[in-house]
Amino acid sequence: MKKIIYTLLCSMLFVACAEDLGNYDYHDLVEPEITGIDENIAVLTYSRLQITPDLGENEFPSEEYAFEWKAIANNETEEVTVLADTRDLDYEVKLLPGSYKMIYRVKERSTGIFWQVISNLVVSEATSEGWMVLCKEGNDNRARLDMISKVTEQTITDVLKDTGMPDMHNPYKISWMTGNLVDPESPFYLTTAEGATRLGRNGFQWKEEYKLDYEMGSQTGRVPAPQVINPFTIGKLFADNGKVYFADCLVFTGLFGEIGESMPAGPVIGTNLVNDMIMVPMAIIYNTEEKEFYGYAPGLRDPVMGNSKPLHKMNDMVRLIKSLSNGGEIAGDAFEEFPTGRDYVWMENTTYDPNKTGTGITYAVLKQGEKYEVYGMQTGELLGGLQFGGPAFAIGEAYYGDLSGCTNIAQATQFAFSSLNAYMYYAVGGTVYRVDLQQEGALTAEPQFTLPMGEVVRVLKFNIHKDRDLYLQDYNLVVGSTLGENGKLRIYEGFKSGGDFSKVKPVVYTGLGNIVDVCYREMLD
């Protein structure tokens, strides 16, 4: 029986194969040779993207072939947008600014066989990348944002004018944050004496809910008006009206709440800008009323850290860390104790990390009478023994220097600390000085340059870029100056010059307003 069944099956298979041979419809495949599409394409929003591809010698009629142009976003969404279904592309660019993979596909309708070419497409708007220059305008000091566009090489004034944002006055800072610290659709902060607001990523558009009021976890009794929003590894901090507020953004963007007791504090809070692989980070706050440094570490509340209070005077924090069995180390001996009784002058976070410890140095300039001093401090991992790529110590007492002998130091209005070398810069009127912090004995200053007569330095800084491909630009000195109501921006190259700007010819931008602050906007995906 098995043999009979096997024979019958073989016979049926032979017949089926014999019959199938006559059912195929063979034809020659006409293959396009797609050329004429650039590998890298850059366009501006609302411009026309027009491409006429060359498909070779053969005809490809639309009744036999289908055509498609589409763009795939190079971000976590990978959103697909069909641009056209025609052989040639004539598209008004309405994609959001960012980078895309653009695919041109030719498909034979009868078989489904297709051929395609992939290009890199970068969509920008005039304000996608460049220097954001915050200015004040008129007798009422209206906040005005100018933009030096890297995309168009043009200076665009008052870019917030048609965004719907109400006028705000007496501006402080313009900045932007990434990651969990802020909504990626509105990553820019504008702070003024009348309050603070976020700005949208596309054209700086504005919504009512961008006001900082909407980020407050509890009523403050007034509109919060911080000078600076400080990034802090696991969140963000700001000081306002005698209090300090913290938003926990470790998992998602949280709301601001008071850290505990009231504390009049300097606007800049010391944080680690180098390493975000820290389990229990600490921020350094200068209490301007008690004239003393405080350490704030919300992770100290954890049972692993002994359910400790998160806020301590710095000298008490040092003793606490030393007493914990699993606490981090205290590194450095530049000063015996954190100082008390000094007036706050300046505070700045840097990525200067001379020993590659994963901790940038926070500098503080303080004064007592006619004596000016600079302290260098580091904040690392307070939890010892658990290192996930984080620093090996909790607190670093990294530097001390006496600035009293530096030329006109009491008249300094702006300070800047390099992330490349141990250099401090300060401005008096239109003159910029440099202090080598590694010189022995009392510190002295040497002039770097003096601006043309009448110009006054209003901004002196090193812009810390988020994109590490731009890290060399972190060392460029950024100088914003004014002459009356007119502003100029100068960028001095810092890496090749080694931080000696006395012989550097700056790049100069004119046509700006009364400059208050400067921040570089990088291209956002």
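Our subject is the structure listed above.
Computed from a prediction, not measured in an experiment: that's the story for all the values here.

Draft legend 1. Representation of the overall build of the chain in the model. Scanning the chain for helices and strands turns up two helices and 34 strands. In summary, the chain has a C-alpha radius of gyration of 30 Å against a globular reference of 24 Å for 525 residues, an excess of more than 25%. Taking the principal axes of the C-alpha coordinates as reference, the chain spans close to 105 × 70 × 50 Å. The buried share of the chain, taken over its 525 residues, is 50%. Sequence separation of 24 or more characterises 55% of the internal contacts of the chain that already satisfy a separation of 6 or more. Here the chain contributes 44 positive and 73 negative side-chain charges, whose respective centroids are spaced 4 Å apart.

Draft legend 2. Structural view of a nonpolar patch on the surface. Taken together, the side chains of L250, V251 and F252 make up a nonpolar region of the molecular surface, amounting to roughly 370 Å² of accessible area. Looking at the secondary structure, you find V251 in the loop between β16 (243-248) and β17 (256-258). Using a relative accessible area of 67% as the deciding quantity, one classes V251 as exposed.

Draft legend 3. Examining the environment of I409 more closely. You can see I409 is positioned in the loop between β25 (393-402) and β26 (414-417). For the pair I409 and V428, spaced 19 residues apart in sequence, the C-alpha to C-alpha distance is 7.9 Å. Each residue touching I409, except ones within four places of it in the same chain, is listed here: Y372, L403, S404, F415, M424 and Y426.

Draft legend 4. Quick look at the layout of surface pockets. Approximately 680 Å³ is the volume attributed to the second largest pocket. Sort the elements by how many residues they give to the lining of the second largest pocket and strand β6 (residues 98-108) lands first, with three residues. Across the lining of the second largest pocket, the residue classes tally to twelve nonpolar, eight polar and seven charged.

Draft legend 5. Local environment of the pattern of salt bridges. According to the stated counting rule, one finds 22 salt bridges in the structure shown. Among the salt bridges present, the one from R142 reaches E137, with a minimum N-O distance of 2.6 Å. Judged by relative accessible area, R142 falls into the buried class, the value being 14%. For E137, a relative accessible area of 29% corresponds to the partly exposed category. A salt bridge links D158 to R142, with the shortest nitrogen-to-oxygen separation between them at 2.9 Å. In this pair, D158 is assigned in the loop between β10 (155-156) and β11 (171-176) and R142 in strand β9 (residues 142-149), connecting sequence segments 16 residues apart. Note on D158: relative accessible area 16%, which makes it buried. One network of salt bridges, in which partners are shared, links E137, R142, R144, D146 and D158.

Draft legend 6. Quick peek at the packing of aromatic side chains. One pass over the full model with this rule turns up 26 aromatic pairs. With a centroid separation of 6.2 Å and an interplanar angle of 35°, the aromatic rings of F415 and Y426 are classed as tilted. Placement of F415 in strand β26 and of Y426 in strand β27 (residues 423-428) is noted, with a sequence separation of eleven residues between them. Under the relative-accessibility criterion, Y426 is labelled buried at 0%. One aromatic cluster is present, built from ring pairs that chain together Y286, F293, F335, F338, Y344, Y375 and Y400. Over the ring of F114 we find R105, and its NZ or CZ is 4.1 Å from the ring centre. It is R434 that lies over the ring of Y423; its NZ or CZ is 4.3 Å from the centre.

Draft legend 7. Representation of the nonpolar core. The biggest cluster of nonpolar side chains holds 27 residues, and the ones touching the most others in it are M282, F293, M317, F338, M377, L382 and I395. Broken down by secondary-structure element, the contributors of at least two residues to this core are β18 (283-287), α2 (314-323), β23 (362-368), β24 (371-379) and β25. The element that contributes the greatest number of residues to this core is α2, accounting for five residues. Setting aside residues up to four positions removed in sequence, F293 forms contacts with I284, I285, Y286, K313, M314, F338, P339, M347, A364, L366 and M377. Counting residues in hydrophobic clusters, the runner-up holds 26 residues, among them V43, W69, Y91 and L121.

Draft legend 8. Layout of the side chain of T163. Mapped onto the fold, T163 is located in the loop between β10 and β11. Looking at T163, its side chain comes within polar contact range of the main-chain oxygen of L160, at 2.8 Å. At 3.4 Å, the side chain of T163 and the backbone nitrogen of M165 are in polar contact.

Draft legend 9. Examining the sheet that holds strand β4 (residues 80-84) more closely. Taken together, the five strands give an open sheet; going across it, the order is β1-β7-β6-β3-β4, and neighbouring strands pair in mixed fashion. Each having just a single partner strand, β1 (40-44) and β4 make up the two edges of the open sheet. Taking each pair of neighbouring strands and ignoring which way they run, the sheet shows an average axis angle of 30°. When strand β3 (residues 65-73) meets β6, the two strands line up antiparallel, connected through nine bridges. Each bridged residue has a counterpart across the sheet, and for A71 the counterpart in β6 is M102.

Draft legend 10. Local environment of the sheet that holds strand β22 (residues 343-349). The strand order across the open sheet formed by five strands is β21-β25-β24-β23-β22, and the pairing between neighbours is mixed. One side of each edge strand has no neighbouring strand; the edge strands of this open sheet are β21 (329-331) and β22. Across this sheet, the average inter-strand angle for adjacent strands is 20°, counted without regard to direction. Pairing of β22 with β23, which is carried by six bridges, proceeds in the antiparallel orientation. Pairing of W346 across the sheet is with V365, part of β23. Packed on one face of the sheet, α2 meets β21 and β25 and runs near 140° to β25.

Draft legend 11. Summary view of unusual backbone geometry. Residue E78 is not a glycine yet carries a positive backbone phi of 50°. Structurally, E78 is set in the loop between β3 and β4. Here E78 falls in the exposed class, since its relative accessible area comes to 55%. Positive phi, normally seen in glycine, also occurs at N307, with a value near 50°. Tracing the chain through its elements places N307 in the loop between β19 (292-296) and β20 (311-313).

Reading the values: rules and limits
- Residues numbered from 1 in each chain as written.
- Predicted model: local features only at pLDDT ≥ 70, side-chain atom pairs only at ≥ 80, totals over all residues.
- Heavy atoms only, no water.
- Helix = DSSP H or I, 4+ residues; strand = E, 2+ residues; numbered from the N terminus.
- Rg over C-alpha atoms; globule rule 2.2 N^0.38 Å.
- Buried < 20%, exposed > 50% of the residue type's maximum accessible area, 1.4 Å probe, protein only.
- Contact = heavy atoms within 4.5 Å.
- Lys, Arg positive; Asp, Glu negative; His and termini not counted.
- Charge placed at Lys NZ, Arg CZ, Asp CG, Glu CD.
- Patch = residues over 30% accessible without salt bridge, like charges linked within 9 Å, V, L, I, M, F, W, Y side chains within 5 Å.
- Areas by Shrake-Rupley, 256 points an atom, 1.4 Å probe, with all protein chains shown as cover.
- Salt bridge = Lys/Arg side-chain N within 4 Å of Asp/Glu carboxyl O.
- 1 Å grid on protein atoms, 1.4 Å probe; cavity = no way out; pocket = protein on both sides within 12 Å on 5 of 7 lines; lining within 4 Å.
- Points joined across faces, edges and corners; volume = space filled by probe spheres on them.
- Nonpolar A, V, L, I, M, F, W, Y, C, P; charged D, E, K, R; others polar.
- Phe/Tyr/Trp six-rings, centres within 6.5 Å; stacked < 30°, edge-to-face > 60°.
- Lys NZ or Arg CZ within 6 Å of the ring centre and 35° of its normal.
- Core = buried A, V, L, I, M, F, W, Y, C linked by side-chain atoms within 4.5 Å.
- Polar contact = N/O pair within 3.5 Å; in protein donor to acceptor, adjacent residues only side chain to side chain.
- Pairing = 2+ DSSP bridges.
- Axes fitted to C-alpha atoms, helices over the stretch in contact; angles between N-to-C directions.

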